[in-house]
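Letter by letter, the chains look like this.
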Amino acid sequence: MIGEDLLDIGGQVALVTGAGQNAGRAIAMELARHNAGGIAVNDFVAERAEAVAEEIRAMGVPAIAVPFDVCDLEAVRAAVARARAELGPVTVLVNNAGMAGPNTQIRPSKVFWEEDPSEWGKFLGTNLFGVFNCCHATIPAMVEANRGRIVTIVSDSGRTGEPRLAVYAAAKAGANGFVRSIAKEVGRYNITCNAVSLSSLMPDMSEEQLAKVLESDQAKAQLSRYIVRRYGKSSDVAALVAFLCSDAAEWITGQTYPLNGGYVTG
Ligand SMILES: NC(=O)c1ccc[n+]([C@@H]2O[C@H](COP(=O)([O-])OP(=O)(O)OC[C@H]3O[C@@H](n4cnc5c(N)ncnc54)[C@H](O)[C@@H]3O)[C@@H](O)[C@H]2O)c1
């Protein structure tokens with residue numbers, strides 16, 4: 001039954017990983033706006049998580065910061081238990097934490113065969129094992145509640161390939177495949193499990209900063225490959241994730257939704 005608000009989350013408690021900034025922050029705020037019963041705001045960087053939790057509390061929605069590294073299963077379990085005690089059982093999980101850990105400046109710059117193998121672990125850890133850990137820690141309470149939503153943010157690099165991002169792309173492709181099996185395991189408990197596959201987002205910034213970025217030849221060349229000629233915004237991601245978490249999406253599971261301005265079609 002769909003209520004007046006199409007995106008109604010129905011009072012469920014959500015855990016959003018990597019929610020200290022950009023897409024994750026927007027997702028946490030959007031779920032709060034659409035009747036989440038509480039939000040556990042995760043980020044590796046504690047101050048970022050606390051700042052977003054504070055913004056959500058200011059909206060009148062219960063929220064706590066749960067800073068942990070998604071790669072650390074024991075820390076994930078402890079945070080999920082804390083969220084249950086303080087907010088209620090987590091029945092919405094958004095696996096948003098991505099890339100290579102808390103330092104968002106780290107990007108691989110070499111072709112794969114020149115990379116040091118010691119670099120691979122951090123991409124697999126955050127983007128693949130982090131998804132395993134958060135699903136493993138939260139699904140039992142969803143099964144108990146006989147309801148739930150899991151949304152995992154992946155990347156078009158994992159669907160189409162991206163030079164100098166091979167291990168990251170492989171980890172995202174792995175997470176995308178994982179989602180389908182989990183969907184089949186949890187469906188009988190009214191839990192849906194989907195992925196959202198992104199192309200390039202622009203980090204949150206002022207209009208002036210954005211105008212400057214868009215002046216560059218690099219940005220113009222990149223955007224010429226998008227049917228809708230702009231970078232993705234955090235709000236684009238938040239809207240689709242909120243929909244997939246809502247009652248309106250109860251018949252959607254095991255799917256990957258490209259969210260990419262038409263960068264890749266099909
Ligand atoms: N930005 C893009 O162009 C783009 C493109 C495709 C996919 N994605 C994916 O979308 C998601 C959001 O991207 P974004 O650009 O908004 O992210 P971002 O890099 O701006 O923020 C990610 C947040 O996650 C936190 N984080 C990183 N590793 C963590 C870990 N191991 N444990 C807990 N927290 C951790 C960081 O501290 C940071 O605050 C990510 O999964 C990313 O891989 C982004």
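Note that this is a predicted model, so its numbers are computed, not measured. (Residues numbered from 1 in each chain as written. Predicted model: local features only at pLDDT ≥ 70, side-chain atom pairs only at ≥ 80, totals over all residues. Heavy atoms only, no water.)

**Here we look at the environment of Thr253**
- Along the chain, Thr253 turns up in the loop between α9 (234-245) and β7 (256-259).
- A relative accessible area of 29% places Thr253 in the partly exposed class.
- On a C-alpha basis, the gap between Thr253 and Asn133 in space is 20 Å, while along the polypeptide they are 120 residues apart.
- Those residues in contact with Thr253 that lie beyond four places of it in its chain are Ala183, Ile191, Thr192, Cys193 and Asn194.
- Within the local environment of Thr253, its side chain forms a polar contact with the backbone nitrogen of Cys193, the two atoms lying 2.9 Å apart. (Helix = DSSP H or I, 4+ residues; strand = E, 2+ residues; numbered from the N terminus. Buried < 20%, exposed > 50% of the residue type's maximum accessible area, 1.4 Å probe, protein only. Contact = heavy atoms within 4.5 Å. Polar contact = N/O pair within 3.5 Å; in protein donor to acceptor, adjacent residues only side chain to side chain.)

**Notes on the packing of helix α1 (residues 22-33) against α9**
- In contact at an axis separation of 8 Å, α1 and α9 are set at 45° when each is read in the N-to-C sense. As the angle between them shows, α1 and α9 are arranged oblique. The chirality of how α1 crosses α9 is right-handed. Where α1 abuts α9, its residues Asn22, Ala23, Ala26, Ile27, Glu30 and Leu31 lie against Ser234, Ser235, Val237, Ala238, Val241, Ala242 and Cys245.
- When the residues that make up the contact of α1 with α9 are grouped by side-chain class, the tally is nine nonpolar, three polar and one charged. (Axes fitted to C-alpha atoms, helices over the stretch in contact; angles between N-to-C directions. Parallel < 35°, antiparallel > 145°, perpendicular 65-115°, else oblique. Left-handed = near helix turned anticlockwise from the far one by under 90°. Nonpolar A, V, L, I, M, F, W, Y, C, P; charged D, E, K, R; others polar.)

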